[in-house]
Each structure stands twice: as C-alpha cells, then as structure tokens.
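Topology and contacts: notes
So you can see what is in the structure, the chains are spelled out below.
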Amino acid sequence: MNITLTKNQVMELFLKKNDAFSPKIKDGEILYIPNFKEKNAADLLLKKLEDTIPWRQDKITVYGKIYDQPRLTSLHSIQQKPYTYSNITMQPRAMTNELLQILAEIEHIKPNSYNSVLLNLYRNGKDSNGWHADNESALGINPSIASLSLGEERYFHLKHKKLKDQRIKLKLAHGSLLIMSGELQHHWIHQIPKTTRTVSPRINLTFRKII
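Quick summary incoming for the structure in this document.

So, how was this worked out
One numbering rule holds for all chains: residues counted from 1, following each sequence as written. Selection of residues for local features in this predicted model requires a pLDDT of at least 70, selection of side-chain atom pairs for listing and counting requires 80 or more, and totals for whole chains, interfaces and linings are taken over all residues. The side-chain figures draw on all heavy atoms in the structure; neither hydrogens nor water molecules are used. A helix here means a DSSP run of H or I that spans at least four residues, while a strand means a run of E at least two residues long, and both kinds are numbered starting from the N terminus. Using C-alpha atoms as the atom set, the radius of gyration is obtained and then compared with a globule rule of 2.2 Å times the number of residues to the power 0.38. Whether two residues are in contact is decided by their heavy atoms, any of which lying within 4.5 Å being enough. Per-residue accessibility takes into account occlusion by the displayed protein chains alone, with areas from the Shrake-Rupley method and a 1.4 Å probe. Here Asp and Glu are counted as negative and Lys and Arg as positive; His is not counted, and neither are the chain ends. Working definition for charges: the position is that of NZ of Lys, CZ of Arg, CG of Asp or CD of Glu. Residues enter a patch when their relative accessible area is above 30% and they make no salt bridge; the linking distance is 9 Å between like charges and 5 Å between nonpolar side chains (Val, Leu, Ile, Met, Phe, Trp, Tyr). What makes a salt bridge here is a side-chain nitrogen of Lys or Arg within 4 Å of a carboxyl oxygen of Asp or Glu, nothing more. Summary of the burial criterion: residues with accessible area below 20% of their type's maximum are buried, those above 50% are exposed, and those between are partly exposed, where the area comes from a 1.4 Å probe applied to protein chains only. At least two DSSP bridges between two strands are required for those strands to pair. What a helix is expected to span follows from its residue count: subtract one and scale by 1.5 Å. To be clear, the arc concerns the directions from the helix axis to the C-beta atoms. Polar contacts, as counted here, are pairs of nitrogen or oxygen atoms within 3.5 Å of one another; within protein the pair requires one atom able to donate a hydrogen and one able to accept it, and residues that are adjacent in sequence qualify only if both atoms are side-chain atoms.

On to the overall build of the protein chain. Helix and strand content of the protein chain: 3 helices and 16 strands. Relative to the globule expectation of 17 Å for 211 residues, the C-alpha radius of gyration of the protein chain, 16 Å, shows essentially globular dimensions. For the protein chain, restricting intrachain contacts to residue pairs at least 6 apart in sequence, the fraction spanning at least 24 positions comes to 71%. For the protein chain, the accessible surface area stands at approximately 10,800 Å², while carbon and sulfur atoms represent 51% of it. Positive and negative side-chain charges of the protein chain, numbering 31 and 20 respectively, have mean locations separated by a distance of 5 Å.

Dropping the structure here:
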C-alpha cells in the first residue's frame, strides 16, 4: 500500500492485520509490518523480556533540571562499543538468544548489519519518549532503525523538521515492526507521547548499527 502525503494532511493510520505498507514521504523511507510477530509469539516474547532484561532508569537533564528518564532502558550488542544519546552513555550487555533470533528475522526482511538494540519499557501512560531523531554520529550516515513493538498499542508521531504538512500518526500494533531508513533521521523527528488512558506495559526494541 503506497500512501502519498498531500498539503495540510495528517495521516492517522489504522491498518488491517495483514497490511504491510511503505508510505511515500519526503526525505526518508518507512516500512511498517503490523504482523511481524504473531500474537502468541509476541505474548511470550513480551513476558520473557519484561522479566529477564536488566532494566535501568537513567537521569536526564532538561533546561538545567535533572529528572528520571520517563521509561526504563537496556542496551545489548554483539560488540562492546558504548552508545551515547541525550548525554547518557550506556555500556552494552550481550545479546540474549531471544534478541539474536529477532535480529536474524529482521535482517531477513531488510538487511542492514544491525549490531545493537536499545530496549525501552513503557510501564504506563506516564512513560514517554519526547521529540527526537536517532541521528547520533555513532550511527553513521542515513542510519536505519528497526523498531519492534510488544504489548500495549501506543501512538507514534513523526513530523518533518521543515515541511509542516508532512506529519504521520501511527498506532503501533503488538508484534509490529517499523523500519525507518534513508535520510529520515536527518529530516524528521519522532515521539511516543504520554497518554491519560489507562494502559498496560509496552516494550519497544530499536535495532541499530553502531559504528
């Protein structure tokens, strides 16, 4: 399914279970696969990761004030290089068997030589991830980010830095895979906003190549 954004249009996409699509957007590429993991497999994986990943909560500085990061994280890699973002430096742990299996499945869909994964645990609606781009120098030029969502469906927002009519709002399904590539991280920013709804936990695995 190809979707072209037109002037003053905001996309809010609710897709059938088996639809995979790559919308035509300016300055980047997106591939979304709603049923990358079937429900039973996604359920088991969510429980396994929630219980066994060594989650941590880092401090972030916003306008000179220090806060707890509004989610839990964990970095895993097949190499030993640290990863720094938002003035937080993380030392990687080894990839578990589950993470290595997911990595192999993603590489089969769209090869990119991913070597690391940053996991995010959103415990409730107060947990979030503000507007940002995954454009750190450690990710190289035109980085590809493969994002697997497990658990509660949350809205994912993207907007172009300069073109105000280029905006996307996507409800990420349990077991879905979203791959952002091309020049997208240089021209777009994205977020997972807070919600006042009562929601259950969500785990997001963002595979990337750290150089």
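We are not done yet, so read on.
Below, the discussion takes up a nonpolar patch on the surface. Taken together, the side chains of V62, Y63 and Y67 present a nonpolar region at the surface, about 380 Å² in accessible area. For Y63, the position within the fold is in the loop between β3 (59–62) and β4 (65–68). Judged by its relative accessible area of 83%, Y63 falls in the exposed class.

Pairing is mixed in the open sheet, where 7 strands are placed in the order β2-β14-β11-β16-β9-β5-β8. For this open sheet the edge positions go to β2 (29–33) and β8 (93–94), each flanked by a neighbour on one side alone. Across 6 bridges, the pairing between strand β5 (residues 72–77) and strand β9 (residues 116–122) is antiparallel. Pairing of T73 across the sheet is with N120, part of β9.

Another aspect to go through is the pattern of salt bridges. On inspection of all chains with the given rule, the structure shows 11 salt bridges. Across the salt bridge formed by E29 and K110, the nearest N and O atoms sit 3.6 Å from each other. Placement of E29 in strand β2 and of K110 in the loop between α2 (97–109) and β9 is noted, with a sequence separation of 81 residues between them. Under the relative-accessibility criterion, E29 is labelled partly exposed at 41%.

A few words now on α2. With 13 residues, α2 extends 19 Å from end C-alpha to end C-alpha; this agrees with the ideal 18 Å at 1.5 Å per step. The complete set of buried residues in α2 reads L99, I102, L103, I106 and E107. With its buried residues spanning 140° around the axis, α2 presents them on a single face. Exposed and oriented more than 90 degrees from the buried face of α2 are N97 and H108. On its buried side, α2 packs onto α1 (39–52), β5, β9, β11 (145–151), β14 (177–181) and β16 (202–208).

Mapped onto the elements, P92 comes out in the loop between β7 (88–90) and β8. For P92, a relative accessible area of 13% corresponds to the buried category. Each C-alpha atom, one on P92 and one on S77, is 5.7 Å from the other, the two residues being 15 residues apart in sequence. In this view, P92 contacts L75, H76, S77, Q79, Q80, K81 and P82; residues no more than four positions away in its chain are not counted.

Now for the side chain of S181. Locating S181 in the fold gives a position in strand β14. A relative accessible area of 6% means that S181 is categorised as buried. In this structure the side chain of S181 is engaged in a polar contact, spanning 3.0 Å, whose partner is the side chain of K110. Residue contacts for S181: discarding those within four places in its chain leaves G28, E29, K110, P143 and S144.

Below, the discussion takes up the pairing of β9. Burial analysis of β9 places 7 of its 7 residues in the buried class, which makes it a mostly covered element. Residues S116, L118, N120 and Y122 point to one face of β9 and V117, L119 and L121 to the other, with burial holding for every one of them. Sheet topology note: the β9/β16 ladder contains 7 bridges and is antiparallel. The residue of β16 that forms the bridge with N120 is N204.

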